Amino acid sequence: MIDLRSDTVTMPSESMRMAMARARVGDDQYGEDPTVNELQARLATELGKERALFVASGTMANQIALKVLTTPGDEVIVGHEAHVVWHEAGAASANSGVQFSVVGRGGTFTAADVEQAFKPRDHIVFPATALVAIENTHNRGGGIVFPQNAICEICAKAGSLQLATYLDGARLFNAAAATGVSLATLAGPFDLVSVALSKGLGCPVGSVLAGRSDHIARAIRARRMFGGALRQAGILAAAGLYALDHNLGRLSEDHANARLIAERIVGLRGIELDLATVQTNIIVFRLAAQAPSAADFVAQAKRRGVLLSAFGLRIVRAVTHLDIITEQCMRAAEVLSELTSTF
Ligand SMILES: *Cc1c(COP(=O)(O)O)cnc(C)c1O
């Protein structure tokens, strides 16, 4: 099987497992796990923030960020089809009592969109806008990089409206690889930022949240509240340190592989794909009216040895990653071409 469902399907390599097995550990809730501390310090520095916190998942990072930066009844401004809205089982309303105001198109938006959606805290009927959350890269938007000039303008506007800012950077490493811009620059304008270790970096578990020390102190409490405070988590953090050393430099291979698939399927009958959205390791395409539904298409591809994700009624996602080589991408493109010839 050529598994293009997600970059989360990677298996920890033998050498990553060795690093995990050898990790020095301690009780992280006493702050005594040296490997967790090393990972947190390293990512705090690389993200240009005061302090960082290891958490169990990207969803937990998002939920903690919402908890720290909002109060119940608040509103959060997000882009179209954000992970916090679509992929977290309604957690934001259950955990933090917030509602979302969705702005922009395709996952990106502008400072003008924020200004238009903003609702002041002292109004007698409006929910108070508290936070602007940005996803970079944007998953359902096709792995697109959120333009950094727009980010700077949005965060400046947010500052002038006294709104907090959060960067869901589950795939920020991909954004950095695609643009050549440093993690610290990408994360610079935000109060809090999260990055995932379990996506392109190939770790089995983990995300890291980074920001100001006072925010991270509150994040530690929220992590405990959500049941995510761990003990000898250095075994997991060791995978993160290993991945930063060994798996970061190769993300551009995933991007080239995604580009290869995209360029081979872009002209196919029944497939609607905007090549401009293929900027990193994700390909999101639409099936035209004469084509089968996404669920059908995905089932047919599976029978021919290619695993894809149905992301909507007629939307399909393919993701390249550490455990996929170029030859498999060529084969996957061939399979999609065979399938579309039957429409
Ligand atoms: C995957 C992802 C997350 C979190 O994922 P987990 O599966 O909870 O680790 C958060 N945000 C975005 C944009 C993602 O793609």
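**A few points about the overall build of the protein chain**
When helices and strands are tallied, the protein chain shows 14 helices and 13 strands. Taken against the 2.2 N^0.38 rule, which gives 20 Å for 343 residues, the C-alpha radius of gyration of the protein chain at 20 Å falls within 12% of a compact globule. The proportion of buried residues among the 343 residues of the protein chain is 55%. Counted over contacts in the protein chain with a minimum sequence separation of 6, partners at least 24 positions apart contribute 73%. For the protein chain, the exposed area adds up to about 14100 Å²; of that, 52% sits on carbon and sulfur atoms. Positive and negative side-chain charges of the protein chain, numbering 32 and 33 respectively, have mean locations separated by a distance of 4 Å.

**Side note on the site of the ligand**
Around the ligand, the surrounding shell consists of S57, G58, T59, N62, H83, E135, N139, D168, A170, R171 and K199. Within the side chain of D168, an N or O atom sits 2.7 Å from a nitrogen atom of the ligand. In this structure, an oxygen atom belonging to the ligand sits 2.9 Å away from a side-chain N or O atom of K199. In isolation the ligand has 380 Å² of accessible area, and contact with the protein removes 85% of it. At three residues, helix α3 (residues 58-69) tops the list of elements feeding residues into the shell around the ligand. Per-class residue counts for the shell around the ligand are one nonpolar, six polar and four charged.

**What to know about the packing of helix α1 (residues 14-22) against helix α11 (residues 234-246)**
Interhelical geometry of α1 versus α11 gives an angle of 135 degrees and a closest axis separation of 8 Å. Considering the angle they form, α1 stands oblique to α11. Pair α1 / α11 crosses with right-handed handedness. Seen from α1, the contacting residues are S15, M16, A19 and M20; seen from α11, they are I235, L236, A238, A239, Y242 and A243. Its residues placed into classes, the contact of α1 with α11 shows nine nonpolar, one polar and no charged.

**Topic: helix α12 (residues 251-265)**
Taking 1.5 Å per residue as the helical rise, α12 with its 15 residues ought to reach 21 Å, and the 22 Å between its terminal C-alpha atoms agrees with that figure. All of the buried residues in α12 are L251, D254, H255, N257, A258, L260, I261, A262 and I265. Contact partners of the buried residues in α12: α8 (172-179), β9 (271-272), β10 (282-287) and α14 (326-340).

**Here we look at the packing of aromatic side chains**
Tallying each qualifying case throughout the model produces three aromatic pairs. Taken together, a centroid distance of 5.4 Å and an interplanar angle of 85 degrees make the contact between F109 and F146 edge-to-face. Of the two residues, F109 is situated in the loop between β4 (99-103) and α6 (111-117) and F146 in the loop between β5 (129-135) and α7 (148-160); the sequence distance between them amounts to 37 residues. With a centroid separation of 6.0 Å and an interplanar angle of 85 degrees, the aromatic rings of F285 and F297 are classed as edge-to-face. With F285 in strand β10 and F297 in helix α13 (residues 294-303), this residue pair connects regions lying 12 residues apart in the sequence. Considered together, F285 and F297 belong to a single accessibility category, that of buried residues. Clustering of aromatic rings is evident, with ring pairs tying together F285, F297 and F343.

Cut-offs used in this document
- Residues numbered from 1 in each chain as written.
- Predicted model: local features only at pLDDT ≥ 70, side-chain atom pairs only at ≥ 80, totals over all residues.
- Heavy atoms only, no water.
- Helix = DSSP H or I, 4+ residues; strand = E, 2+ residues; numbered from the N terminus.
- Rg over C-alpha atoms; globule rule 2.2 N^0.38 Å.
- Buried < 20%, exposed > 50% of the residue type's maximum accessible area, 1.4 Å probe, protein only.
- Contact = heavy atoms within 4.5 Å.
- Areas by Shrake-Rupley, 256 points an atom, 1.4 Å probe, with all protein chains shown as cover.
- Lys, Arg positive; Asp, Glu negative; His and termini not counted.
- Charge placed at Lys NZ, Arg CZ, Asp CG, Glu CD.
- Near = heavy atom within 4 Å.
- Polar contact = N/O pair within 3.5 Å; in protein donor to acceptor, adjacent residues only side chain to side chain.
- Nonpolar A, V, L, I, M, F, W, Y, C, P; charged D, E, K, R; others polar.
- Axes fitted to C-alpha atoms, helices over the stretch in contact; angles between N-to-C directions.
- Parallel < 35°, antiparallel > 145°, perpendicular 65-115°, else oblique.
- Left-handed = near helix turned anticlockwise from the far one by under 90°.
- Expected span 1.5 Å × (residues − 1).
- Phe/Tyr/Trp six-rings, centres within 6.5 Å; stacked < 30°, edge-to-face > 60°.

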